[in-house]
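Listed below are the residues making up each chain.
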Amino acid sequence: MDSDTNIYDVVILGGSLAGSSTGLLLSRRFPGCKIAVIEKSADFGRRVGEATVEVSGFFLSRVLGLTQYLNENHLNKQGMRFWFSNDQTSQLDQCSEVGGRYLARMPAWQVDRSTLDLEVLSQAERSGVQVIRPAKVNRVRLADGGLQTVDLETLGVRRTVRARWVVDATGFTALLARQNGWFHRNAEHPTSAIWTRWKKVKDFDGLELAGRFPEWASACKGVRGTATNHFMGDGWWAWCIPLKGGETSIGVVFDHRRVEIPPGDSIPERLRTFLSQHPVPRELLAEAEPVDGDANWRSHLAYCSSRFAGDGFVLVGDAAGFLDPFYSPGMDWLSYTVSRAVELIGNHLEGQDTKPLVGRFNQDFCKSYDRWFKAIYKDKYDVFGDFELMSIAFHLDLGMYYAGVVSQPVERGERALLEPVFSTPPSAVPFRLMSFYNRRLARMARDRRRRGTAGKHNNGRRFLLNGFLPERSTGSDILKAFTRYMKLELAEGWRSWFVQEPLENTPPIRP
Ligand SMILES: Cc1cc2nc3c(=O)[nH]c(=O)nc-3n(C[C@H](O)[C@H](O)[C@H](O)COP(=O)(O)OP(=O)(O)OC[C@H]3O[C@@H](n4cnc5c(N)ncnc54)[C@H](O)[C@@H]3O)c2cc1C
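If you're wondering where the values come from, they're calculated on a predicted model, not measured in any experiment. (Residues numbered from 1 in each chain as written. Predicted model: local features only at pLDDT ≥ 70, side-chain atom pairs only at ≥ 80, totals over all residues. Heavy atoms only, no water.)

> Would you explain the overall build of the protein chain in this entry?
If you tally the helices and strands in the protein chain, you get 14 helices and 21 strands. Relative to the globule expectation of 24 Å for 511 residues, the C-alpha radius of gyration of the protein chain, 23 Å, shows essentially globular dimensions. Taken along its principal axes, the extent of the C-alpha atoms in the protein chain is 70 × 50 × 40 Å. The proportion of buried residues among the 511 residues of the protein chain is 60%. By sequence separation, contacts in the protein chain at least 24 residues apart represent 78% of the contacts at least 6 residues apart. Counting every atom, the protein chain has about 20,400 Å² of accessible surface; 51% of that belongs to carbon and sulfur. Within the protein chain, the 59 negative side-chain charges are centred at a point lying 3 Å from the centre of the 66 positive side-chain charges. (Helix = DSSP H or I, 4+ residues; strand = E, 2+ residues; numbered from the N terminus. Rg over C-alpha atoms; globule rule 2.2 N^0.38 Å. Buried < 20%, exposed > 50% of the residue type's maximum accessible area, 1.4 Å probe, protein only. Contact = heavy atoms within 4.5 Å. Areas by Shrake-Rupley, 256 points an atom, 1.4 Å probe, with all protein chains shown as cover. Lys, Arg positive; Asp, Glu negative; His and termini not counted. Charge placed at Lys NZ, Arg CZ, Asp CG, Glu CD.)

Here it is in structure tokens:
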């Protein structure tokens, strides 16, 4: 663009997955384009965002082309699995279970982000992207339609670079959104998370547990250990994600209005104490040791930017917003924001008018975040502790995800990633349906809690699915799930049809 070494076509702030994949895709499409990635850290440490799901799996494997790399360096993921407990469960095999009976049918991986992000950044560098690292961006001055100015500091030296386009991929730092007053906490969803990695977590599929609980072991014909296992509680859930090499990532996400993590000397010990209320993590962590120096706590997880793009800037990945880690939507969101950012900048580089695209970008992602939240996450923490309600929610949510979301890239290829979830006109109907049944399930959960019947099926039950396909046949599975939901409405939902109670009326949970 210019002979000045400090002037670029595109400068990307943050070199983790969102930033590096934006750089990689742009440099592949426009080999002569002058692109820089500015990354604060000297090395990527372990980070959350370790479970991919079907859309992010598609993005990593089919769009970025990483299938072989993922198979060699990470773990094939075997879907999601959920474990419930109540006062009748004293050991692992008594806990009710939701999950797959066999292996997963669509590709997804459990990834170590420290190595994955480095691989994508290195591929971007090899394809011509300049990586400036370690370098912290301090400030960005935006100029609509002009050159953007980025002030950074690298090894104690201050520098300024300019670019026609700035891509904010700074994750939770959300540099542009915070700097420009676009950053909004999602006040309806006050969640926090605490997590660490562990060594010597027991093998879900090993001989020890199979010897002690043979019936439990043979109930699942696939592999439990490489699934994302979820330990479920009232107002909280925990993930258990194995990583290549033997360590396991375990963390609790909780509604901080209702759940307190007990005090203790360290985050891992507080996590262990908290999880010991549930027989499954208690068993798995019996001999586990936390990985030194890996202790994390993050409050107020959910937020969103009110602007996503302008003529000269675009926000991708967590810098644009974050919903909730449940169902692992983070890298799906990343896949959509990155794909659209590449399209937006690409159109500009091809000499097209970007104004209409900028308008649609803001509209689509604003709608997508709002609807994604309302359809799936709003009040979901009321449902987590109840096997029966959660198994219906999961059955319906997953069926709808396969039918409406996963099917799109499978049928139409990567172009489908230009349409974020719930942003298109036909998605209005599934959005309303999902918001409706999830709201009703949350209402029923609160009603059960009030009547003292919450979690009564959390022991001795197993709901094992044969697995969904991104095909028409999934329609009959969704119908089955919907029939289960309707039966529940008739059996007990009527109790809360005309009751409107605020969440604050429910008793706090203090494990
Ligand atoms: C508790 C929890 C669990 C999660 N689990 C999952 C999961 O299982 N699956 C999933 O898909 N998602 C999950 N997510 C979400 C996932 O972590 C994110 O969606 C994903 O990591 C976003 O990647 P990113 O590249 O946008 O941001 P990040 O990975 O946060 O990267 C941002 C980068 O920007 C750099 N940076 C920041 N500030 C500056 C600056 N000023 N100058 C230069 N560089 C800067 C940072 O060093 C970093 O490398 C989880 C999130 C949380 C909070």
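> For this particular structure, what's the right way to read the packing of helix α10 (residues 330-349) against helix α11 (residues 355-377)?
Packed helices, taken two at a time, are described by the angle their axes make and the gap between the axes. Remark: α10 packs on α11, axes separated minimally by 11 Å, with the N-to-C direction vectors making an angle of 175 degrees. With respect to their mutual orientation, α10 and α11 come out roughly antiparallel. Of the residues in α11, those touching α10 at Asp-332, Trp-333, Tyr-336, Thr-337, Arg-340, Ala-341, Glu-343, Leu-344 and Asn-347 are Leu-357, Val-358, Arg-360, Phe-361, Asp-364, Phe-365, Ser-368, Tyr-369 and Trp-372. Taken together, the residues of the contact of α10 with α11 break down into ten nonpolar, three polar and five charged. (Axes fitted to C-alpha atoms, helices over the stretch in contact; angles between N-to-C directions. Parallel < 35°, antiparallel > 145°, perpendicular 65-115°, else oblique. Nonpolar A, V, L, I, M, F, W, Y, C, P; charged D, E, K, R; others polar.)

> In this structure, what is going on with the pairing of strand β5 (residues 96-100)? I would like to understand it.
Consecutive side chains of a regular strand alternate in pointing toward one face of the sheet and then the other. For β5, the buried fraction is high: four of the five residues fall into the buried class. Sheet analysis places strand β4 (residues 80-84) next to β5, joined by three bridges and oriented antiparallel. Looking across to β5, one finds that Phe-82 is bridged to Val-98. Summarising the sheet, β5 and strand β21 (residues 462-465) pair through four bridges and their orientation is parallel. Bridge pairing in β21 links Gly-100 to Leu-465. (Pairing = 2+ DSSP bridges.)

> Help me out: how do you make sense of the nonpolar core in this one?
Nonpolar side chains tend toward joint burial in soluble globular proteins. Core analysis: the biggest nonpolar cluster contains 134 residues, and Ile-38, Val-150, Met-390 and Leu-441 have the highest contact counts within it. It is helix α12 (residues 387-412) that provides the largest number of residues to this core, a total of 13 residues. Trp-83, Ile-250, Ile-267 and Leu-275 belong to the second largest nonpolar core, which has 27 residues in total. (Core = buried A, V, L, I, M, F, W, Y, C linked by side-chain atoms within 4.5 Å.)

> Looking at this structure, I do not really get the packing of α11 against helix α13 (residues 428-451). What am I missing?
Remark: α11 packs on α13, axes separated minimally by 7 Å, with the N-to-C direction vectors making an angle of 40 degrees. The angle between α11 and α13 falls in the class oblique. Between α11, through Arg-371, Lys-374, Ala-375 and Ile-376, and α13, the contact on the second element is made entirely by Ala-428, Phe-431, Arg-432, Met-434, Ser-435, Asn-438 and Arg-439. When grouped by side-chain class, the residues that make up the contact of α11 with α13 number five nonpolar, two polar and four charged.

> Which parts of the structure should I look at to understand unusual backbone geometry?
Most peptide bonds take the trans configuration, and most residues that are not glycine carry a negative phi. The residue after Arg-133, namely Pro-134, is reached through a cis peptide bond having omega -5 degrees. You can see Pro-134 is positioned in the loop between β7 (130-132) and β8 (136-141). At Leu-155, a residue that is not glycine, the phi angle is positive and equals roughly 50 degrees. As for its position among the elements, Leu-155 is in the loop between β9 (148-154) and β10 (157-168). Owing to a relative accessible area of 74%, Leu-155 belongs among the exposed residues under this scheme. With a phi close to 65 degrees, Asp-379 is a non-glycine residue in the positive phi region. Structurally, Asp-379 is set in the loop between α11 and α12.

> Explanation requested: the environment of Tyr-437 in the structure shown.
Mapped onto the elements, Tyr-437 comes out in helix α13. On the basis of relative accessible area, Tyr-437 is assigned to the buried category, the value being 0%. Leaving out residues up to four positions away in the same chain, Tyr-437 has contacts with Leu-396, Asp-397, Met-400 and Tyr-485.

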